[in-house]
Amino acid sequence: MATEYGNRLVAAMNHAGHTQKDLVKKSGLSQSTISSAINRGNGSSHTALFAKLCGVNAHWLATGDGEWLQADQSENMPDRLRAVLATVAGLFRTIPEEQWGSALMDVAEVLQKGRRL
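A. Local environment of the overall build of the chain. Check the secondary structure of the chain and you find 7 helices and 0 strands. In sequence order, the secondary structure elements of the chain are arranged as α-α-α-α-α-α-α. Burial analysis of the chain (117 residues in total) assigns 24% to the buried set. At a minimum sequence separation of 6, the contacts of the chain that also span at least 24 residues come to 51%. Just so you have it, the chain exposes about 8,100 Å², and 54% of that area is on carbon and sulfur atoms.

Listed below in structure tokens is the structure:
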């Protein structure tokens with residue numbers, strides 16, 4: 001039986017027309033990781049990834065609050081920022097999955113303090 005988080009994830013997957021198998025292919029995560037997020041999770045370190053792949057708001061997916069559909073703001077994003085974010089996403093692929101949460105916190109701290117790397 002799905003948790004509340006799992007129900008939101010299933011709704012997001014349905015919105016995008018994805019099955020668990022599709023999320024496995026698109027995310028690189030294991031089927032058991034996705035199944036656990038649906039059936040036992042009260043959240044996931046992969047929420048942002050799931051939200052992106054399904055085209056929903058990550059905050060809604062995580063909490064159930066706010067608008068569930070993510071407005072497409074990529075067309076308003078400056079090219080330089082888009083390039084930087086693509087680089088960061090590429091770097092995350094080199095980090096073991098279990099360290100993503102810690103790495104995201106490091107990125108958030110740098111952004112919050114406005115420091116340059």
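B. Structural context of the environment of Ala-51. Considering the arrangement of structural elements, one finds Ala-51 in helix H4 (residues 47-54). On the accessibility criterion, Ala-51 (3% relative accessible area) is buried. In this structure Ala-51 touches Val-56, Asn-57, Ala-58 and Leu-61, once residues within four positions along its chain are discounted.

C. Molecular detail of H4. Taken as a whole, H4 has its buried residues at Thr-47, Phe-50, Ala-51 and Cys-54. With its buried residues spanning 100° around the axis, H4 presents them on a single face. As for H4, its buried residues are in contact with helix H1 (4-16), helix H2 (20-27), helix H3 (31-39) and helix H5 (58-63). Downstream of H4 by one or two residues, Gly-55 has phi in the positive range, about 70°.

Reading the values: rules and limits
Residues numbered from 1 in each chain as written. Predicted model: local features only at pLDDT ≥ 70, side-chain atom pairs only at ≥ 80, totals over all residues. Heavy atoms only, no water. Helix = DSSP H or I, 4+ residues; strand = E, 2+ residues; numbered from the N terminus. Buried < 20%, exposed > 50% of the residue type's maximum accessible area, 1.4 Å probe, protein only. Contact = heavy atoms within 4.5 Å. Areas by Shrake-Rupley, 256 points an atom, 1.4 Å probe, with all protein chains shown as cover. Arc of directions from axis to C-beta.

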